[in-house]
Amino acid sequence: MSAPGVLSFTQQGWEQVLAKVKWALVYLDAACAESLHWGCGSTRLLEAVGDPACHLREFEPAAVGGGAEQPKAVFVLSCLLKGRTVETLRDIICRSHFQYCVVVTAVNHAVHLTANHVPAAAAAELEGQPVFEQLEEKLCEWMGNMNYTAEVLHVPFLLAPVAPHLALTPAFASLFPLLPQDVHLLNSARPDKRRLGSLSEVDATALPPELLLQIRCLVSGLSSLCEHLGVREECFAVGSLSRIIAADLANYGPAKNRRKTATGRASLVFVDRTLDLTGAVGHHGDNLVEKIISVLPQLPGHTNDVMVNMVELTALQNEEKNQSMVAPGCLAQSNDPAARALWEALLSTKHKEAVMEVRRHLVEAASRENLPIKMSMGRATPGQLMSYIQLFKNNVKALVNHCGLLQLGLATVQTLKHPQTAKWDNFLAFERLLLQSIGESTMSVVLNQLLPMIKPLDQRTNDDYSPEELLILLIYIYSVSGEFTVDKNLGEAEEKVKKALAQVFCEESELSPLLQKITGCDSSIKLTFHKSKIAADELFASLRDIAGARNLMKQFKSVYVPGNHTHQASYKPLLKQVVEEIFNPERPDPVDIEHMSSGLTDLLKTGFSMFMKVSRPHPSDHPLLILFVVGGVTVSEAKMIKDLVPSLQPGTQVIVLSTRLLKPLNIPELLFATDRLHPDLGF
């Protein structure tokens, strides 16, 4: 057995479920389905069910119930068992013939007590798991017989393990750090309390209860991960929401006992995504997977995987009407070791090498199956890759043996041929131009450069930028610039860009889902210029917040490196700066990487350190570094961290965790169209 990691943590959780599902109908919510998808695959679950009459179903109010020949159900849920979730459970069970129900929740019992307003002191004295026991009684009541069997248990399905060094938290995909404008909203919600001056003053007591509860659910899962890894974690934070999450984990009651017995040690560093959105919307990451997830359509119900069109491997014509007849392929290949090895290679190589790697795997697979392959050297082209893939088409045995590899091969071909991939280079060129301009001219000049690129629908060609793509460029400009002087020229330049954007929104033939959320209109017919201009004003308020996001930092104030006689101006990722600071050989006390104390002993240490030689905890102290980016991480950032840590401190293991895998278009959604303060917990 290899050392415990993110994959074994997820698989261990699913083993507990697989032991319960024999001959059962299994209902999953989207986040648990995503954990299964990356962790062990739905085939494992179906094999464990072992009954063709039983199926996997989506857990939703309209879900089909169980017939007379399906007496057992297992519900696997990522959320608190409260509100809408319990109502949906009741509705499904009442219209079914179940005699045996198992409900598995990813949230532990302690958090359920918090959600039901049980004070911590009272919770510590409780015997058993009363919230779960009460629900078990309800389940029997809904099944119609108190002698039927009901079980409610907790299994920590926190992660979707994308690779040994990278895992995501699908249930928290919309968790995003706060902006200065959120401080005004918090102040208006608590008129009788002390006014908060800035994000640095926001602590857990100032947050709305639903956001606090969402954070506690995340903390419960992270505590279970640390338990599985066998580590006592020291918590650190860069940024205001990270500070609240890190403090909650450091002082989380159930974690205190496990830390006493843990033999390993780890540093867990949380970082706010908003401190550097340049990396999230930029196109400088020379990575094939980043392009695949940006251009191929999203797999329905998933936040981190895409649909690969598999029609090419069938006898059907590759037309739109046929694409929905054949189940799509995807990137997650949890049950296919060869495909998983290729996937991990794609995550950690540059674009050109990745395409060559896909070719190498296809050639080797074809040779093993004795398919008539024509070898060719030189650059790997989409046409050449496609000709290799076509060899498998009429050979069912070869198709089955290499199904995972063929999905990754087709994803590569479809990405290389996609019109958006050609546009990727246009973005990159414009971003490089912006980096040079920012150093040489004022913000108003930079905005005036963007102005001619804002074109209404009837004047746009395929090479021009859509409204959503213009938002990506604006986020890039404001995030990379950081603080700038606000003067009359800037006000005028911003006003011109706002008016041009508002006009473009109005002239769209139909509004995309993102533009509908931003403008508050579901169709372009209803969108007046006045409404559109108000939306543009709000966008710019958020952009100014992004420019000022690093104002509270003392050390990580900039991600922009000005040019000189020998070097062009460049962008230096904040995550790179954080990792370099953690492993700085001189080990200065970190300025912006705050340590979160867990109780009295730590506070005493900190107090004594003022007048005695007591070493304060440092994030480079331990053999394992877990870096959690709150708000999403890109494939290239994860690769950069994985490569950088061993080069700075050999022997240190690193795991990158984040709320989601990012493509540039996710950021306008999270920034302009997500209620950060009030997540929907279903009650």
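The structure presented is a predicted model; accordingly, all values stated were derived computationally and were not measured. (Residues numbered from 1 in each chain as written. Predicted model: local features only at pLDDT ≥ 70, side-chain atom pairs only at ≥ 80, totals over all residues. Heavy atoms only, no water.)

A. A look at the overall build of the protein. Regarding its fold elements, the protein presents 29 helices and 14 strands. Since a compact globule built from 683 residues should have a radius of gyration of about 26 Å, the 26 Å found for the protein is in line with a globular shape. Dimensions along the principal axes, computed over C-alpha positions, put the protein at roughly 75 × 75 × 60 Å. Expressed as a percentage of its 683 residues, the buried residues of the protein come to 55%. Put simply, of all contacts in the protein between residues at least 6 apart along the chain, 77% involve residues at least 24 apart. (Helix = DSSP H or I, 4+ residues; strand = E, 2+ residues; numbered from the N terminus. Rg over C-alpha atoms; globule rule 2.2 N^0.38 Å. Buried < 20%, exposed > 50% of the residue type's maximum accessible area, 1.4 Å probe, protein only. Contact = heavy atoms within 4.5 Å.)

B. Quick look at the domain arrangement of the protein. Segmenting the protein into domains produces domain 1 (6-157), domain 2 (158-276 + 573-682), domain 3 (297-417) and domain 4 (421-548). Inter-centroid distance (C-alpha atoms) of domain 2 to domain 4 is 31 Å. In this assembly, 13 residues from domain 2 lie in contact with 14 residues from domain 4. Here domain 2 and domain 4 share an interface that buries about 1300 Å² over both sides, 73% of which is from carbon and sulfur atoms. Here E669 makes a salt bridge to K517, at a shortest N to O gap of 2.5 Å. Our count for the domain 2 to domain 4 interface comes out at three residue pairs in polar contact (both at pLDDT 80 or more). If you list the elements that add at least two residues to the side of domain 2 that touches domain 4, you get α8 (180-189) and α29 (666-672). Residue contributions to the side of domain 2 that touches domain 4 peak at five residues, all from α29. In terms of residue class, the side of domain 2 that touches domain 4 is built from nine nonpolar, two polar and two charged. (Domains from an automatic or database assignment. Buried area = accessible area lost by both parts, 1.4 Å probe. Salt bridge = Lys/Arg side-chain N within 4 Å of Asp/Glu carboxyl O. Polar contact = N/O pair within 3.5 Å; in protein donor to acceptor, adjacent residues only side chain to side chain. Nonpolar A, V, L, I, M, F, W, Y, C, P; charged D, E, K, R; others polar.)

C. Molecular detail of empty space enclosed by the protein. For the structure shown, the criterion picks out four cavities of 30 Å³ or more. For the largest cavity, the calculated volume is near 80 Å³. Lining the largest cavity are I293, Q298, T303, N304, D305, V306, R660, L661, K663 and N666. Of the residues that constitute the lining of the largest cavity, the class distribution is three nonpolar, four polar and three charged. Residue assignment places the lining of the largest cavity across two domains, with domain 2 (158-276 + 573-682) and domain 3 (297-417) each supplying three or more. If you add up the space inside the second largest cavity, you get close to 70 Å³. Around the second largest cavity, the lining residues are S78, A106, V107, F157, L158, A171, F172, C217 and G221. Considered class by class, the residues forming the lining of the second largest cavity number seven nonpolar, two polar and no charged. (1 Å grid on protein atoms, 1.4 Å probe; cavity = no way out; pocket = protein on both sides within 12 Å on 5 of 7 lines; lining within 4 Å. Points joined across faces, edges and corners; volume = space filled by probe spheres on them.)

D. Spotlight on the environment of A266. Checked against the element boundaries, A266 lands in strand β9 (residues 264-272). Take A266: its relative accessible area is 0%, and that puts it in the buried class. Distance from A266 to R44, taken between C-alpha atoms, is 32 Å for residues 222 residues apart in sequence.

E. Fine view of helix α19 (residues 403-417). Between its terminal C-alpha atoms α19 stretches 21 Å, which fits the 21 Å expected from 15 residues at 1.5 Å a residue. Where burial is concerned, most of α19 is hidden: twelve out of the 15 residues are buried. Among all positions in α19, only G404, L405, L406, Q407, L408, G409, L410, A411, T412, V413, Q414 and T415 are buried. (Expected span 1.5 Å × (residues − 1).)

F. A look at the sheet that holds strand β4 (residues 100-105). Spatially, five strands are ordered β2-β1-β3-β4-β5 in an open sheet, and the strand pairing comes out parallel. For this open sheet the edge positions go to β2 (56-58) and β5 (149-154), each flanked by a neighbour on one side alone. Strand-to-strand, the axes of this sheet are offset by a mean angle of 15 degrees, without reference to chain direction. Taken together, the three bridges between strand β1 (residues 25-28) and β2 define a ladder with parallel strand orientation. When the sheet's bridge partners are listed, L28 is paired in β2 with E58. (Pairing = 2+ DSSP bridges. Axes fitted to C-alpha atoms, helices over the stretch in contact; angles between N-to-C directions.)

G. Highlighting the packing of aromatic side chains. If you walk through the whole model with that rule in mind, you get eight aromatic pairs. On the numbers, 5.7 Å between centres and 40 degrees between planes, the contact of W38 with W343 is tilted. A residue pair is termed long-range when its members are at least 10 positions apart, and W38 in helix α2 (residues 30-39) and W343 in helix α15 (residues 337-347) qualify at 305 residues. A ring pair is formed by F270 and F628, whose centres lie 5.5 Å apart and whose planes are at 40 degrees; its orientation type is tilted. (Phe/Tyr/Trp six-rings, centres within 6.5 Å; stacked < 30°, edge-to-face > 60°.)

H. Expanded view of the side chain of E494. Position of E494 relative to the elements: it lies in helix α23 (residues 488-507). A relative accessible area of 4% means that E494 is categorised as buried. Excluding anything up to four places from it in sequence, E494 contacts L447, Y478, F540 and R544.

I. Region of the structure containing the pairing of strand β3 (residues 72-77). When you tally the buried positions in β3, you get six out of six residues, the bulk of the element. Across the two faces of β3 the burial is the same, with K72, V74 and V76 and A73, F75 and L77 all buried. Inspection of the sheet shows β1 paired to β3 by four bridges, in the parallel sense. Of the residues in β3, the one forming a bridge with L28 is V76. In terms of strand pairing, β3 meets β4 through six bridges, oriented parallel. Paired with V76 across the bridge in β4 is V104. A crossover links β3 with its parallel partner β4, the connecting element being helix α4 (residues 84-94), and its sense is right-handed. (Right-handed = clockwise from strand over helix to strand, strands pointing away.)

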